[in-house]
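# Geometric and topological summary
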Amino acid sequence: MRVAVNISYNGRNFSGFQYQHDYRTVQGTVEKQLKRMHKEFVRIHASSRTDAGVHALEQYFHFDTPIDLPPEKWKFILNRAMPADILINDVKIAADDFHSRFDATGKTYRYKVYTGTKNPFYDGLKTHYPYELDALLMEEAMQPFIGTHDFTTFSSAKAEIKNKVRTIKDFKVIETADGFEFLITGTGFLYNMVRVITAYVLECGRGIRKPDTLNMIAKKDRTVIPKTAPAEGLYLEKVWYEKL
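So, how was this worked out
As a convention, each chain's residues are numbered from 1 in the sequence order in which they are written. Local features in this predicted model are restricted to residues of pLDDT 70 or higher, and side-chain atom pairs are both shown and tallied only at a pLDDT of 80 or more, whereas totals for entire chains, interfaces and linings draw on every residue. To get the side-chain values, all heavy atoms of the structure are used, and hydrogens and water are removed first. We call a residue buried when its accessible area falls under 20% of the maximum for its residue type, exposed when it is over 50%, and partly exposed in between, using a 1.4 Å probe and counting protein chains only. To qualify as a helix, a DSSP run of H or I must reach at least 4 residues; to qualify as a strand, a run of E must reach at least 2; elements of each kind are numbered from the N terminus. Two strands form a pair only when DSSP identifies at least two bridges running between them. Distance and chemistry together define a polar contact, namely a pair of N or O atoms within 3.5 Å, with one atom able to donate a hydrogen and the other to accept it when in protein, and with adjacent residues in sequence counting only for side-chain atoms on both sides. Any two residues having at least one pair of non-hydrogen atoms within 4.5 Å are treated as being in contact. UniProt positions are given in the numbering used here, feature names are shortened, and annotations may be inferred rather than shown by experiment. Interaxial angle, 0 to 180 degrees, is taken between N-to-C directions of lines fitted to C-alpha atoms, where a helix line uses only the stretch in contact. In this scheme, roughly parallel covers angles under 35 degrees and roughly antiparallel covers those over 145, while 65 to 115 is roughly perpendicular and the rest are oblique. Left-handed describes a crossing whose near helix is turned anticlockwise from the far helix through less than a right angle; right-handed describes the clockwise counterpart. Take the number of residues in a helix, subtract one, and multiply by 1.5 Å to get its expected span. The arc refers to the directions leading from the helix axis to the C-beta atoms.

Here we come to the pairing of strand 10 (residues 234-241). A large share of strand 10 lies buried, amounting to six of its eight residues. As paired strands, strand 3 (residues 55-64) and strand 10 are joined by two bridges and run parallel to one another. In the strand pairing of strand 10, His-55 is matched with Tyr-235.

Encoded structure:
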């Protein structure tokens, strides 16, 4: 039986989602509990692998099990064993061929920044960007990202995937009481892509870089956008599936 799980977590005290020996990770925490239940190791497969400090409002993973329990029971048992910074939102019994990663049709990320005075209660939850930002300049920088492009310029130099063509379906800025949030939806994202894009948009909004997005994309050169926005402001907001 294949079980699909919708999970939220505060990434501040995790070294990312993916299991790492001797480090606290979301995958390691969940698999530890599944091993207790099954008396043997059970691997989970996630829709995404978030970095250290990155949060998730909605992340999916699946696993196979011989234990026949209704979804509500799985949810109760898993939540009872999870630490305070992990929540099991929903559990479903999936088709045997369902795959959390390969069946995802898109993802939405949210990036949160606040300006002005540093707020200790936002530590690890929002990025402090203590500069005045121009929303119109940021929108000018953001709109050309929508569409299908080679995002080599806006990905990590560590990205090993050769095909860096991705499609962005929507990208918008939302003004908040003390800053801005950026909401971006696409069919897929490269390693650090959202954080590199955000760093570029913030520099445009600050006025230290001219919005020149299409030319930046055309360069296919990671070195022209050397900065990456901090992990703490990034949230995996939603994973999209046609059927689940």
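The structure having been displayed, the exposition proceeds.
Positionally, Arg-2 belongs in strand 1 (residues 2-9). At 2.7 Å, the side chain of Arg-2 forms a polar contact with the backbone oxygen of Phe-98. Not counting chain neighbours up to four residues away, the residues in contact with Arg-2 comprise His-62, Phe-63, Asp-64, Lys-92, Ile-93, Ala-94, Ala-95, Asp-96, Asp-97 and Phe-98.

Taking the UniProt record as the reference, the feature "domain: Pseudouridine synthase I TruA alpha/beta" (unreviewed entry) is found at residues 8-103 and 141-242. Along residues 8-103 the backbone is 25% helical and 24% strand, and the end-to-end C-alpha distance reaches 19 Å.

With that settled, the discussion passes to the packing of helix 3 (residues 135-142) against helix 4 (residues 193-206). Interhelical geometry of helix 3 versus helix 4 gives an angle of 140° and a closest axis separation of 7 Å. As summarised for this structure, helix 3 and helix 4 are arranged oblique, according to the angle between their axes. Pair helix 3 / helix 4 crosses with right-handed handedness. Mapping the contact onto sequence places Leu-137, Met-138, Ala-141 and Met-142 in helix 3 and Tyr-200, Val-201, Leu-202, Cys-204 and Gly-205 in helix 4.

A few words on the UniProt feature "binding site: substrate" (unreviewed entry) in the protein. As recorded in UniProt, the feature "binding site: substrate" (unreviewed entry) lies at Tyr-109. Along the chain, Tyr-109 turns up in strand 5 (residues 104-114).

For helix 1 (residues 26-38), built from 13 residues, the straight-helix expectation of 18 Å at 1.5 Å per residue is met to within 8% by its first-to-last C-alpha distance of 19 Å. Among all positions in helix 1, only Val-26, Gln-27, Thr-29, Val-30, Glu-31, Gln-33, Leu-34 and His-38 are buried. Elements in contact with the buried residues of helix 1: strand 1, strand 3, helix 2 (71-81) and strand 4 (86-94). Downstream of helix 1 by a residue or two, Lys-39 has a phi angle that is positive, lying close to 65°.

This brings us to the pairing of strand 8 (residues 165-175). As defined by bridge partners, strand 7 (residues 147-150) adjoins strand 8 across four bridges and the pair is classed as antiparallel. Counted as the bridge partner of His-149 is Arg-166 from strand 8. Strand direction decides the pairing type here: strand 8 and strand 9 (residues 179-186), joined by seven bridges, are antiparallel. Within the sheet, the bridge partner assigned to Glu-175 lies in strand 9 and is Phe-180. Connecting strand 8 to the next strand, strand 9, in antiparallel fashion are three residues.

So, about unusual backbone geometry. Of note, the phi angle at Asp-22 is positive, near 70°, even though the residue is not glycine. Note on placement: Asp-22 falls in the loop between strand 1 and helix 1. One non-glycine residue with positive phi stands out, namely Lys-220, at about 50°. Along the chain, Lys-220 falls in the loop between helix 5 (213-219) and strand 10.

Before going further, it helps to examine helix 2. All of the buried residues in helix 2 are Trp-74, Ile-77 and Leu-78. Along the axis of helix 2, the buried positions cluster into a sector of 95°, meaning they face one direction only. Opposite its buried face, helix 2 presents the exposed residues Glu-72 and Arg-80, each directed more than 90 degrees away. Here the buried face of helix 2 lies against strand 1, helix 1, strand 3 and strand 4.

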